[in-house]
Structure formats: structure tokens, C-alpha cells
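Close look at the chain arrangement
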Amino acid sequence: MSPRIPDTHAEAWALLPWLANGRIAADDREWVEAHVGGCAECRAELAAQRMVASNTSREAEQPVAANEEQKSFNKLWARIEAAESATTPATGTLGGGSRASRTVRWLAAAVVVQAVGLGVLGFGALRGDPAHGGEIVTVATPEPRLNAPAVRIVFSPQASIDTVNTLLVHQGLSIVSGPGIHGNFTAELSTDAVASGASAESVAQVMSKDPNVTFAQPVAR
Amino acid sequence: MALKSIESQSPRASPAPAATNDASERELLERIARSKDQAAFRTLYGNYYQRLSRLLARMSVRREDIEEVINDTFWVVWTKAGEFRGASQLSTWIIGIAYRRALNTLRRAKLRPVSDEPFDEESVSVGSSEEDETNQQWLSLGLERLPVEQRMALELTYTLGHSCEEVAAILDCPVNTVKTRLFRARETLKQVLPALAGMSGDHS
């Protein structure tokens, strides 16, 4: 079958936008270009359309603020987590539910205990009790049973469960122990997070800048 | 108004955005479908956030609704990732979802997607020494004059670099309809863009 060669002005004119953006179908490119080569009107129109394409593309290059994108994604992820938690049947054991629902249960309990822990800590400090007020959790404090790089974290008392959950998920963290006496948790990095280049140090650095986190340090292994 | 030399504006030598990254984006989608990979999902979201924000703004979707439309779109991507069969480009699928969601949002909000505001020529700084900036201002005002279907055909073609067939798939209409919409958009823009009017003769 011989190729279609319409070579009509009207058809070429209609296809000029895709000649301008470089996405004209291969079957059409040759004959449209041939027509444009001999048609002053189409050449002028092609130049005009290239100007439109150039200006619209340039305008589109103005970037959206990165924090806007992250905030939007956080909302979507919280929605996904909530939906997946809601559709996962509770089994009554920590090992039975999805990771998301386990995290939510951990955190629900943890926030309560954290509040108690902070209260005890404050009371100890007020009393000048060296057993409590003088104890500082540091990088050097060993943590048994760790299978992956981990971070020790204390969340702000104002942080909601949703916020804490979102923070953990976005950093690829799962709580493996806590809360400690100071409301501190230990959270391990997921395999995916490690594979994507995250380290305990980098995650701790990010977390420590978050207003919902009062303390974040990598755990010595 | 003087125009930037048209000879200096060569056609895009590189493939348009829509034509690139399809293979790598399909890999991301496969990871989402196979293992609910959050990192892959986040990357894909980032790849589309800006494109969709701009496109939806062009559709006259309200600023406060844009995030909702994007997130509704990616909710579908997350939940239906395994159902994408690859008959079209991934970008065509995703942008098509966003377009239909946006239409629903516009209907719900009872917004008129076509601007009825009088064309305010005073708002364009004709005396600017920055020709490109002036052209962009004229173009933005011109685009606001277009019905949403024509505006989308133009945006999808020039800003996102889609082929005629891909635009038809996104807008869910025949290829000839896309050509007609763009033809009309071009004619309308010539009425409001001095630069274009000076460059191209009447087509009859």
C-alpha cells in the first residue's frame, strides 16, 4: 500500500501544532514538512505556533514550592494509611495486622505512655534525682536487638498520632522499642529506605529539624 | 510590538516531556502495583505534581481544589496501579484521570470554565523591554479567553508535549475533534495576541 500523501493546505495547517512540538506522527511528518517548505502561509503559522509553544513551556517551568508538594503528598499518604488501616481486620495480636495498623496501635499506646514518661522525667528533674534527671540518652547508649540502622526519637507532646505516623512512614521508620523513661522510641529504617540511600544519621538529621520532634539521634550499633 | 526572531526558535530537538520517562515511570507503577512501594509512589507523585498543578490552574480549577484533584488522581493511581494495561502512555492515563476529576470538580463548584471577564489590555505591559515577558502576558490573557476544551488541547500539546492521538485519549474525544479545537484556539489567540496576528496571515 502506498503511503498517504494528502498534501493539502488545510490538512497540513491542522497538523502544524504537532510539527511545532515535535510530536507529529511519523507518517505525516514528511509530507507536512514538504508542504510547509513550499507554502509561505504555513511557514509563518509554524513560526507563530513555535512562539506559542515556547512561551507556554517557559511559563510552565516556574517551579511549585517543594514544601507545597510535600504537604500535599503528606495529606494523600495519611488518607491512604487511614483507609488501609480501616480495611485491615484487627487480629488482636501485634503480629497479625498490617504494618500500618500495627504502627497506629503502637503509637496510640506510646503517646499515652510518653506523656506519663515526660511527667516522671519532669518530676525527677524537679527533685534533683540523679537517677532520673541526670540520665541522658545519647548516641552511645547501646540498643540490643537491632536488625537495621535505627534512630532514637522523642516526639513533641503536641504531636498527634497521625502526625507521628506520617513522620515515621515518610522516613521509612518502624518503631521497635519504646517508649523509654523519657518518652523515647527506637525506630528502625526499612529495607527500602536503606536501599534508597537513607542512613540513621541522615534520617535523624531530618527528624531533628521537624517541629514535632524534640530529640532525634542515630543509635549506635 | 517587536517579536523575538522566529528563526532563533528552532523546533524542539529533544523529545517532548510526555514522550520521555515513560519506561521508568512504568517501572515505578509496577513497583506500586506489586509491592505498594511508597518510595516509587512518592517519585511518581513528584513527577506529576507540577504538571497537573499548572494544567488544573489553566482549567480554572480553584487553587484550593487543585490539591484535592491531584490527590484524588493519585488515589486512583495507588489503588488501580495493577489495572493499568499499558495500552497508552502512562502520562496519558494519569492526566486523563486528572482531567475528568477536574471536570467533576468544576461542575460541582458550578464554576464557569470560560472567562467572561472583559479583556483588559491595560494589564499588559506593552512598553516592557522584556519581549518574552510581554508575549507571555499576552498569551496568558489569550488563554483565559479560550473555552476550557480548547485551552486544554493547547496546553496538552504545547506545555506537556503530547501528540494529537494522546491529547485525544486524555480528553476522550476523536482525533479530528482535537485538531478542530486547536484550530479554533489558534484563531482566537490571533485575535488577542498582537505578536501572532503580525506573524501569520489569515487562513481561509
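This text follows the structure it describes.
The rules we used
All residue numbers refer to positions counted from 1 along the written sequence of the respective chain. For this description, chains carry letters from A and ligands carry numbers from 1, given in the order in which they are written. Confidence filtering applies because this is a predicted model: local features only for residues at pLDDT of at least 70, side-chain atom pairs given and counted only at 80 or more, and all residues used for totals across whole chains, interfaces and linings. No hydrogens and no water enter the side-chain calculation; it runs on all heavy atoms of the structure. Two rings from Phe, Tyr or Trp (for Trp, the six-membered ring) form a pair when their centres sit within 6.5 Å of each other. Planes less than 30 degrees apart are called stacked, planes more than 60 degrees apart edge-to-face, and all others tilted. The helix and strand labels rest on DSSP assignments: H or I over at least four residues marks a helix, E over at least two residues marks a strand, and numbering proceeds from the N terminus. Relative accessibility thresholds used throughout: buried, under 20% of the residue-type maximum; exposed, over 50%; partly exposed, between the two (1.4 Å probe, protein chains only). Charge-over-ring contacts are defined here by two conditions on Lys NZ or Arg CZ: a distance within 6 Å of the ring centre and an angle within 35 degrees of the ring normal. Any pair of residues with heavy atoms lying within 4.5 Å of one another is described as a contacting pair. The axes are straight lines fitted to the C-alpha atoms, using for helices just the contacting stretch, and the angles between their N-to-C directions are given from 0 to 180°. Oblique is the label for any angle not under 35 degrees, not over 145, and not in the 65 to 115 range, which are roughly parallel, roughly antiparallel and roughly perpendicular in turn. Residues are grouped as follows: Ala, Val, Leu, Ile, Met, Phe, Trp, Tyr, Cys and Pro are nonpolar; Asp, Glu, Lys and Arg are charged; every other residue, Gly included, is polar.

Let us now look at the packing of aromatic side chains. Scanning the model with the defined rule gives twelve aromatic pairs over all chains in all. Relative to Phe74(B), the ring of Tyr45(B) lies with its centre 5.2 Å away and its plane at 65 degrees, an arrangement referred to as edge-to-face. Placement of the pair is Tyr45(B) in helix α2 (residues 38–58) and Phe74(B) in helix α3 (residues 63–80), with a sequence separation of 29 residues. Given a relative accessible area of 0%, Phe74(B) falls into the buried group. Following the ring pairs from residue to residue traces out a cluster consisting of Phe73(A), Trp77(A), Phe41(B), Tyr45(B), Tyr48(B), Tyr49(B), Phe74(B) and Trp78(B). Between Arg79(A) and the ring centre of Trp75(B), over which it is positioned, the NZ or CZ distance is 4.5 Å. The positively charged end of Arg42(B) is found above the aromatic ring belonging to Phe73(A), 4.8 Å away from the centroid.

The subject of this paragraph is the environment of Gln171(A). All names here are of chain A. Residue placement: Gln171 occurs in the loop between α6 (161–170) and β2 (173–177). For the pair Gln171 and Ala204, spaced 33 residues apart in the sequence, the C-alpha separation amounts to 9.5 Å. Ignoring any residue separated from it by four or fewer positions in sequence, one finds Gln171 in contact with Ala193, Val203, Val206 and Met207.

A few words on the environment of Asn184(A). All names here are of chain A. Within the secondary structure, Asn184 is located in strand β3 (residues 184–189). A relative accessible area of 11% means that Asn184 is categorised as buried. For the pair Asn184 and Thr214, spaced 30 residues apart in the sequence, the C-alpha separation amounts to 9.8 Å.

Next up on the list: the packing of helix α1 (residues 9–20) of chain A against helix α8 (residues 175–192) of chain B. The interhelical angle for the contact between α1(A) and α8(B), taken along N-to-C directions, is 85 degrees, at an axis separation of 9 Å. Comparing the axis directions of α1(A) and α8(B) gives the class roughly perpendicular. Every residue of α8(B) that contacts α1(A) at Trp13(A), Ala14(A), Leu15(A), Leu16(A), Pro17(A) and Trp18(A) is listed here: Val178(B), Lys179(B), Leu182(B), Phe183(B), Arg186(B), Glu187(B) and Lys190(B). Taken together, the residues of the contact of α1(A) with α8(B) break down into nine nonpolar, no polar and four charged.

Nothing here speaks to function; it is geometry throughout.
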